Amino acid sequence: MLTEQQIKGIYIPVITPFTDDHELDLSSFQNYIKVMANSGIHGLVINGTTGESPTVTWDEVEQLVKAAKETLSSINSSVPIMVGTGTNDTASTVARTKKAAALGADAVLVVTPYYNRPTEEGIYEHFRMAASVGIPVMVYEIPARTGVRVSIEMMKKIMSIDGVIGLKDSTNNLDLMTELVRCGSKPILCGDDTFFYDMLTKGAAGGMMASASINPERFLEVYNRFAAGEKEEAYQLFTPLLPFIKNLFEEPAPAMLKHLLAKQGIIASAQLRLPLMPASEQLIAKIAL
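Residues numbered from 1 in each chain as written. Predicted model: local features only at pLDDT ≥ 70, side-chain atom pairs only at ≥ 80, totals over all residues. Heavy atoms only, no water.

Peer 1: Describe the sheet that holds strand β1 (residues 9–13), and please don't skip the residues or the numbers.
Peer 2: Read around the closed barrel, the eight strands follow the order β1-β2-β3-β4-β5-β6-β7-β8; overall the barrel is parallel. Between one strand axis and the next, the sheet turns by 25° as a mean value, whatever way the strands run. Taken together, the three bridges between strand β3 (residues 81–84) and strand β4 (residues 107–111) define a ladder with parallel strand orientation. Considered in β4, the bridge of Gly 84 is made with Leu 109. Of the strands in this sheet, β2 (43–46) and β3 touch helix α2 (residues 58–74), which is tilted by about 175° from β3. (Pairing = 2+ DSSP bridges. Helix = DSSP H or I, 4+ residues; strand = E, 2+ residues; numbered from the N terminus. Axes fitted to C-alpha atoms, helices over the stretch in contact; angles between N-to-C directions. Contact = heavy atoms within 4.5 Å.)

What follows is the structure, given as structure tokens:
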């Protein structure tokens, strides 16, 4: 199981490849996992938003986790697997968290409950119940998708829960992370790719970033240079990546990610499940690998 000390570096929220008739493409998935693991990344996240979790069934999640574990074992890789289990229903989240633990996941990613806009006390209880399962929990705060922003004081309380090992911060600013770091927080990973360098300078332990699926070595070099104290070199490496990152998310992810991964031959098809649509020709024309 993951420890707080392992929450660092580059974690990749993985895509879920589909065939042209919208079924799981496990062969492409295994090739993709192999490429990511061999790049030197620090962790994989299955069934996040980048993996099109709203349209992937739990049976399919189980197939993906098993396929990933088999692939990692075949290349003698110890890259940890985190599984997204968070929903806006606490009972469902707890049940999925138990299932992820039984599958041998190293940790789970639990998002702040979305859409039903619970009170902060309800949000705290949601995370407390998830952490009570016994598998390490990574909290995921992303107000743009959940419709609720957890206050800094409440997040401090959530981060103090036994079993919570860190936070993926996708709040689109540095306020939450800066205050948590000032108070000696558990590890925080940048979840908004454009803020990666800025968050490193404020004390982030790394990033959980979808854009790192495309040539992950570039993001690893930024992290490794920064971790080695070569901050100016890290900045000079990261700055040219910003236009790519911004274009990548100009349309809903993972459309452009899948297009590029298919173009690289890592997956067989860029197919998505509705309501997501393929990347537009206009966006494709803007991005060159």
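Peer 1: An account of the packing of helix α9 (residues 216–227) against helix α10 (residues 231–238) is needed here, citing residue identities and associated values.
Peer 2: Relative orientation of the contacting elements α9 and α10 amounts to 165°, with a least axis distance of 7 Å. Judged on the interaxial angle alone, α10 and α9 are roughly antiparallel. Like other packed secondary-structure pairs, α9 and α10 cross with a definite hand, here left-handed. When α9 is examined against α10, the residues Glu 221, Val 222, Arg 225 and Phe 226 are found in contact with a partner set consisting of Lys 231, Glu 233, Ala 234, Leu 237 and Phe 238. Looking at side-chain class alone, the contact of α9 with α10 contains five nonpolar, no polar and four charged residues. (Parallel < 35°, antiparallel > 145°, perpendicular 65-115°, else oblique. Left-handed = near helix turned anticlockwise from the far one by under 90°. Nonpolar A, V, L, I, M, F, W, Y, C, P; charged D, E, K, R; others polar.)

Peer 1: Summarise the pairing of β4; cite the residues concerned and give the values.
Peer 2: In summary, the side chains of a regular strand alternate between the two faces of the sheet. Summarising burial for β4: five of the five residues are buried, a large majority. Residue alternation in β4 divides its side chains into two sets, Ala 107, Leu 109 and Val 111 and Val 108 and Val 110, and both sets are buried. Of the strand pairs in this sheet, β4 and strand β5 (residues 137–141) are connected by four bridges, and their pairing is parallel. From the neighbouring strand, Leu 109 faces β5, where its bridge partner is Met 138. Taking the sense of rotation as the criterion, the β-α-β connection linking β4, helix α4 (residues 120–131) and β5 turns out right-handed. (Buried < 20%, exposed > 50% of the residue type's maximum accessible area, 1.4 Å probe, protein only. Right-handed = clockwise from strand over helix to strand, strands pointing away.)

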